[in-house]
Amino acid sequence: MVCLGNICRSPLAEGIMRHKAIRHGLNWIVDSAGTGFWHVGELPDQRSIATARQHGIDITGQRARQFEAADLERFDRIFVMDTQNLRDVLRHADDGERREKVSLILDHLFPGQQRSVPDPYYDDDGFEEVFRMLDDACESFIRDHLEAST
Ligand code: 4NP
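Everything quoted here is computed from the prediction, not taken from an experiment. (Residues numbered from 1 in each chain as written. Predicted model: local features only at pLDDT ≥ 70, side-chain atom pairs only at ≥ 80, totals over all residues. Heavy atoms only, no water.)

*Asks:* Explain the overall build of the protein to me, and be specific about the residues and the numbers.
*Replies:* Within the protein, the regular secondary structure consists of six helices and four strands. Reading the secondary structure of the protein in the N-to-C direction produces β-α-β-α-α-β-α-α-β-α. With the C-alpha coordinates aligned to their principal axes, the bounding extent of the protein is approximately 35 × 35 × 30 Å. Here the protein, with 150 residues, has 47% of them falling under the buried criterion. (Helix = DSSP H or I, 4+ residues; strand = E, 2+ residues; numbered from the N terminus. Buried < 20%, exposed > 50% of the residue type's maximum accessible area, 1.4 Å probe, protein only.)

*Asks:* Outline the environment of I7, listing residues and values.
*Replies:* Structurally, I7 is set in the loop between strand 1 (2–3) and helix 1 (9–23). Sequence separation between I7 and R115 is 108 residues; the distance between their C-alpha atoms is 20 Å. Residues contacting I7, with those up to four places away along its chain left out, are H39, E42, L43, P44, D45, S48, A64 and Y121. (Contact = heavy atoms within 4.5 Å.)

*Asks:* For the packing of aromatic side chains, give the residues involved together with the corresponding values.
*Replies:* This structure, assessed with the given rule, holds four aromatic pairs. For the ring pair W28 and F141, a centre distance of 5.9 Å and an interplane angle of 55 degrees mean the geometry is tilted. Of this pair, W28 sits in the loop between helix 1 and strand 2 (33–34) while F141 sits in helix 6 (residues 126–148); the two residues are 113 residues apart in sequence, bridging distant segments of the chain. W28 sits in the partly exposed class, given a relative accessible area of 27%. Taken together, a centroid distance of 4.9 Å and an interplanar angle of 75 degrees make the contact between Y121 and Y122 edge-to-face. (Phe/Tyr/Trp six-rings, centres within 6.5 Å; stacked < 30°, edge-to-face > 60°.)

*Asks:* Describe unusual backbone geometry, and please don't skip the residues or the numbers.
*Replies:* The backbone phi angle of N6 is positive, close to 55 degrees, even though this residue is not glycine. Its relative accessible area of 2% is what places N6 among the buried residues. With a phi close to 55 degrees, Q114 is a non-glycine residue in the positive phi region. Within the fold, Q114 resides in the loop between strand 4 (102–104) and helix 6. You can call Q114 partly exposed: its relative accessible area is 48%.

Below, the structure written as structure tokens:
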């Protein structure tokens, strides 16, 4: 899960996807990172922590880190939050195999629409909406995965 700061959106996405994966008995390694370096080592934003907590998910074990090219090898799928993240991550993907791993997280729900998860950093009210978008996207991805593997 990749966003800009790795303190607002992608920590929520990481927490949600891990929570759902565990619930479905999927042994997935879920992680997140930011394309920027400003918040490396920090806890998620307090507003993301509070929003996750309201939904029964604890994300306080997370610390921000910066996305690195090796993530494209380490992980099977890279979900980015917005089109700027997409460009920044694809800059590190120098072959088709790596590029194919990368997609906008909302593409799963809205294929071909290039929709971004809005950055809630400057909008105190945006966190619940972001949570719901990410919850829907993760649920849809897991459901499709489970259908495809049965
Ligand atoms: P995020 O939100 O990319 O969802 O973690 C942001 C966090 C911090 C900044 C921008 C976006 N910032 O400019 O510091």
